[in-house]
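Listed here are the chains, written in short residue letters.
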Amino acid sequence: MRLILLGPPGAGKGTQAQRLVERHGIPQLSTGDMLRAAVAAGTEVGKRAKAVMDAGELVSDAIVNAIVAERIDQADCANGFILDGYPRTLVQADAVQEMLAERGIGLDMAIELVVDDKALVGRIVKRADEARAAGQTVRKDDNPDVFEERLREYYKKTAALIGYYYAKGLLKQVDGMAGIDDVTKQIDAVLAVREPIS
Ligand code: AMP
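Described below are features of the structure shown in this document. (Residues numbered from 1 in each chain as written. Predicted model: local features only at pLDDT ≥ 70, side-chain atom pairs only at ≥ 80, totals over all residues. Heavy atoms only, no water.)

Some points on the nonpolar core
Grouped together as the largest cluster of nonpolar side chains are 31 residues, with contacts concentrated most on Leu6, Leu35, Leu83, Tyr86 and Tyr165. For this core, the secondary-structure elements that each account for two or more residues are strand 1 (2-6), helix 2 (31-41), helix 3 (44-54), helix 4 (61-71), strand 3 (81-84), helix 5 (90-102) and helix 8 (160-167). Tallying contributions element by element places helix 5 first for this core, with five residues. By size, the runner-up hydrophobic cluster in this structure holds 22 residues, among which are Leu20, Ile82, Met109 and Ala178. (Core = buried A, V, L, I, M, F, W, Y, C linked by side-chain atoms within 4.5 Å. Buried < 20%, exposed > 50% of the residue type's maximum accessible area, 1.4 Å probe, protein only. Helix = DSSP H or I, 4+ residues; strand = E, 2+ residues; numbered from the N terminus.)

Describing the packing of aromatic side chains
Enumeration over the complete set of coordinates arrives at two aromatic pairs. A centroid spacing of 5.1 Å and a plane angle of 85 degrees characterise the contact between Tyr154 and Tyr155, whose relative ring orientation is edge-to-face. Take Tyr154: its relative accessible area is 6%, and that puts it in the buried class. The interplanar angle of 75 degrees and the centroid separation of 4.9 Å between the aromatic rings of Tyr164 and Tyr165 together place this pair among those described as edge-to-face. Accessibility expressed as a relative area gives 15% for Tyr164, which makes it buried. Note that Lys168 overlies the ring of Tyr164, its terminal NZ or CZ placed 4.9 Å from the centroid. (Phe/Tyr/Trp six-rings, centres within 6.5 Å; stacked < 30°, edge-to-face > 60°. Lys NZ or Arg CZ within 6 Å of the ring centre and 35° of its normal.)

Printed below as a string of structure tokens:
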């Protein structure tokens, strides 16, 4: 099963992706996590991405497309994967189509977590507080100012993907404002009725 989770920052994509990993035994491919790992490791990609990420802007399509193309060829992706935070632009969405077509596979579904923007800043602040309380490092971009920029980037560049996947007949929407368990149930329900795709 190859899935995309769509929705603005703070919509709960990461949380739901982790649950899908447990249930379906396929990996979560979070470009945000991969980029943060590159920054932490001080790689060339990490050096180029750091300032852009700290400002809440999007890293170049070429960088993220290359990271994902390499990742999906790893053995644990053979039975599928969950794309979390990727694609984020139309160029990336076209790149996914091409990457998968080259490998003779396709996407099963794009699931949008539909949320109310006004509630998102509160979620981000909570996520930062929880990380702090757990003694974890707080993401530099999880603060209200940078969050506003991340949200702007979402509307400028990513929201168009909703129409993109709708037009392909791949879009499913769930109420991302519901409780975490409820959102998981909604996702399970849309996955249960999907057409089997080989
Ligand atoms: P995330 O953890 O998904 O919120 O991503 C954190 C940051 O990493 C974003 O604000 C971007 O700067 C960068 N990033 C993650 N995924 C992408 C992507 N698909 N395209 C461009 N930039 C990305």
